[in-house]
Amino acid sequence: MQATFKIQRYNPEKDKKPYWAEYTLEVDAKDRILDILHTIKWEMDGSLSFRRSCAHGICGSDAMMINGKNRLACKVLMMDLGTTTVTVEAIRGLPVEKDLIVDMKPFFDSYEAVMPYFIGDAVPPATEYIQSHAEEKIIDASTKCILCACCTTSCPIFWVNGQYLGPAAIVQAHRFIFDSRDRAGAERLEILNQTTGDWRCRSAYNCTEACPRDIPITEIIGQVKRALMYGTA
Ligand code: SF4
Ligand code: FES
């Protein structure tokens, strides 16, 4: 079948503003959007720029807005879209470097701000930290994050206030705050208690809908809010 791809293009070094470029090509219902973008780049227009690496939903590098929703291009098939007209735009709220490539630094600055690493006892156990299955279950969902930014860049609060740490950073903080072996939960909660943190969330659920890993992000943000109020972490 024939499909029309409308891709938002923008090269800040040359273009005054973003514009739509249109490509019409033969596709299969089982083609992934990433494969079709490759065909466009390799056979029709080599100047088209986008990020990708693993092509299997693991690295999180090909987040883009496809028909108005944030998704990983490697995880969406033509037949998932139910239309042969496809719009592709860069994820929102981060500066566009070129076409579908955005500057991820502000996103990773927020990630870094929540101390996304394990902090154990001053004197570690002689053998290993023991964690029960029940304790692991509490952080199981948040350990699945691949830092794709689909959530944060679909959040209306982040769009209007880039200082908000955003859902991805909160998911990463949750992963350690609720880890029974970690000892720096209180410090991370203090960070999330600031005006740039958890309380900015208005439960729009855009993040939860956008997450390619099906992480219940809004629920996780709610768990952190309860920990901030009642000190349960
Ligand atoms: Fe991506 Fe989901 Fe992690 Fe957000 S929580 S960065 S949408 S994997
Ligand atoms: Fe790695 Fe899509 S290319 S997640």
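Everything discussed here concerns the structure shown above.
Note that this is a predicted model, so its numbers are computed, not measured. (Residues numbered from 1 in each chain as written. Chains lettered and ligands numbered in written order. Predicted model: local features only at pLDDT ≥ 70, side-chain atom pairs only at ≥ 80, totals over all residues. Heavy atoms only, no water.)

**Section: the overall build of the chain**
Thought 1: A tally of regular secondary structure across the chain gives nine helices and seven strands.
Thought 2: Based on the C-alpha atoms only, the size of the chain along its principal axes is roughly 60 × 35 × 30 Å.
Thought 3: At a minimum sequence separation of 6, the contacts of the chain that also span at least 24 residues come to 62%.
Thought 4: With the model as given, the accessible surface of the chain reaches about 12000 Å², and the carbon-plus-sulfur share is 51%.
Thought 5: Between the centroid of the 27 positive side chains of the chain and the centroid of its 30 negative side chains there is a distance of 3 Å. (Helix = DSSP H or I, 4+ residues; strand = E, 2+ residues; numbered from the N terminus. Contact = heavy atoms within 4.5 Å. Areas by Shrake-Rupley, 256 points an atom, 1.4 Å probe, with all protein chains shown as cover. Lys, Arg positive; Asp, Glu negative; His and termini not counted. Charge placed at Lys NZ, Arg CZ, Asp CG, Glu CD.)

**Some details on helix α7 (residues 185-192)**
Thought 1: Every buried residue belonging to α7 is among G185, R188, L189 and L192, and all of these are buried. Within α7, the buried residues cover an arc of 105° as seen down the axis, which keeps them to one side.
Thought 2: In the core, the buried residues of α7 are packed alongside α6 (167-177) and α9 (217-230). (Buried < 20%, exposed > 50% of the residue type's maximum accessible area, 1.4 Å probe, protein only. Arc of directions from axis to C-beta.)

**Some words on the site of ligand 1**
Thought 1: Inspection of the region around ligand 1 gives 13 residues, with C145, C148, A149, C151 and C211 positioned closest.
Thought 2: For the shell around ligand 1, the per-class residue count stands at twelve nonpolar, no polar and one charged. (Near = heavy atom within 4 Å. Nonpolar A, V, L, I, M, F, W, Y, C, P; charged D, E, K, R; others polar.)

**Regarding the packing of α6 against α9**
Thought 1: Contact pair α6 / α9: the axes reach a minimum separation of 9 Å and the direction vectors enclose 60°. Our classification of the angle between α6 and α9 gives oblique. In this structure, α6 crosses over α9, and the sense of that crossing is left-handed. Across from P167, I170, V171 and H174 in α6, the residues of α9 making contact are I217, I220, I221, Q223 and V224.
Thought 2: Looking at the contact of α6 with α9 residue by residue, the classes come out as seven nonpolar, two polar and no charged. (Axes fitted to C-alpha atoms, helices over the stretch in contact; angles between N-to-C directions. Parallel < 35°, antiparallel > 145°, perpendicular 65-115°, else oblique. Left-handed = near helix turned anticlockwise from the far one by under 90°.)

**Quick notes on the packing of aromatic side chains**
Thought 1: The final tally for this structure, using the stated rule, is three aromatic pairs.
Thought 2: Consider the rings of F118 and Y129, whose centres lie 5.2 Å apart with planes at 80°: the pair is edge-to-face. Note that F118 is positioned in the loop between α3 (105-113) and α4 (133-140) and Y129 in the loop between α3 and α4, a separation of eleven residues in sequence.
Thought 3: Residue class for Y129 comes out partly exposed when judged on its relative accessible area of 25%.
Thought 4: Among the aromatic side chains, those forming a connected cluster through ring pairs are F107, F108 and Y111. (Phe/Tyr/Trp six-rings, centres within 6.5 Å; stacked < 30°, edge-to-face > 60°.)

**A short note on the side chain of S49**
Thought 1: Here S49 lies in the loop between α1 (33-44) and β3 (63-66).
Thought 2: By relative accessible area, which is 13% here, S49 ends up buried.
Thought 3: At 2.9 Å, the side chain of S49 forms a polar contact with the side chain of K98. (Polar contact = N/O pair within 3.5 Å; in protein donor to acceptor, adjacent residues only side chain to side chain.)

**Thoughts on the sheet that holds strand β2 (residues 19-26)**
Thought 1: Taken in spatial order, the five strands of this open sheet run β2-β1-β5-β3-β4, and their pairing is mixed. Only two strands of the sheet have a single neighbouring strand rather than two, namely β2 and β4 (69-72). Going from strand to strand, the sheet's axes swing by 30° on average, the running direction of each strand aside.
Thought 2: With eight bridges joining them, strand β1 (residues 2-9) and β2 adopt antiparallel strand pairing. Residue F5 lies in a different strand from β2, and its bridge partner there is Y23. (Pairing = 2+ DSSP bridges.)

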